[in-house]
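As a plain string of letters, each chain reads:
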Amino acid sequence: SLKEMLGIVLIEAMACGVPCISHTYPAMEWAIGDGGEAVDMTEAGRLAAALQAYRDPAYRMARGHAARRRALAVFAKDVVLEQQIQLYQEMLDEVPCRRS
């Protein structure tokens, strides 16, 4: 896919230690971070060229470990829950208190 709102499939793959290659689309690039790479898939041969590096087992393993670390650091349940709680707290801090 050339465009995804978030790319849950990328996050799921990274959580399993699978490095990802996506199109150069901001949401997908953010989701992947250092857990893979983004290439312009509208250019002929770019995906094939990117895949060549993954033929090297050491490279593939290193990128897979980076993918798993990214998934845990950014998308783990506890991390996301803490971010949501912090967001709600910030919103509540902005609301003036009303007293009856």
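See the structure above.
Asker: Help me out: how do you make sense of the overall build of the chain in this one?
Answerer: Secondary structure summary: the chain contains five helices and two strands in total. Going from the N terminus to the C terminus, the chain shows its helices and strands as α-β-α-β-α-α-α. Taken against the 2.2 N^0.38 rule, which gives 13 Å for 100 residues, the C-alpha radius of gyration of the chain at 18 Å runs more than 25% over that of a compact globule. Along the three orthogonal principal directions, the C-alpha set of the chain runs to about 65 × 30 × 15 Å. Across the 100 residues in the chain, those meeting the buried criterion constitute 25%. When contacts within the chain are restricted to residue pairs at least 6 apart in sequence, long-range pairs at least 24 apart make up 43% of them. Accessible area of the chain: about 7300 Å², with a carbon and sulfur share of 59%.

Asker: Any chance you could explain the pairing of strand β1 (residues 20-23) here in plain terms?
Answerer: Successive side chains on a regular strand alternate, one facing one side of the sheet and the next facing the other. Pairing between β1 and strand β2 (residues 36-39): four bridges, direction parallel. Opposite Ser22, over in β2, you have Ala38 as the bridge partner. Crossover handedness for the path β1 to helix α2 (residues 26-32) to β2: right-handed.

Asker: For this particular structure, what's the right way to read the side chain of Ser22?
Answerer: Mapped onto the elements of the fold, Ser22 is located in strand β1. Those residues in contact with Ser22 that sit more than four places away from it in its chain are Leu10, Met28, Glu29, Ile32, Glu37, Ala38, Val39 and Met41.

Asker: How should I be thinking about a nonpolar patch on the surface in this particular structure?
Answerer: Taken together, the side chains of Met5, Leu6, Ile8 and Trp30 make up a nonpolar region of the molecular surface, amounting to roughly 470 Å² of accessible area. Assignment of secondary structure puts Trp30 in helix α2. Given the relative accessible area of 48%, Trp30 is considered partly exposed.

Asker: Explain the environment of Leu47 to me, please; I cannot follow it from the model alone.
Answerer: Tracing the backbone shows Leu47 in helix α3 (residues 46-53). Among the residues examined, Leu47 registers a relative accessible area of 35% and is labelled partly exposed. With 44 residues separating them along the chain, Leu47 and Met91 place their C-alpha atoms 42 Å apart. The residues contacting Leu47, other than those within four sequence positions of it, are Ile21, Val39 and Met41.

Cut-off values and rules
- Residues numbered from 1 in each chain as written.
- Predicted model: local features only at pLDDT ≥ 70, side-chain atom pairs only at ≥ 80, totals over all residues.
- Heavy atoms only, no water.
- Helix = DSSP H or I, 4+ residues; strand = E, 2+ residues; numbered from the N terminus.
- Rg over C-alpha atoms; globule rule 2.2 N^0.38 Å.
- Buried < 20%, exposed > 50% of the residue type's maximum accessible area, 1.4 Å probe, protein only.
- Contact = heavy atoms within 4.5 Å.
- Areas by Shrake-Rupley, 256 points an atom, 1.4 Å probe, with all protein chains shown as cover.
- Pairing = 2+ DSSP bridges.
- Right-handed = clockwise from strand over helix to strand, strands pointing away.
- Patch = residues over 30% accessible without salt bridge, like charges linked within 9 Å, V, L, I, M, F, W, Y side chains within 5 Å.
- Salt bridge = Lys/Arg side-chain N within 4 Å of Asp/Glu carboxyl O.

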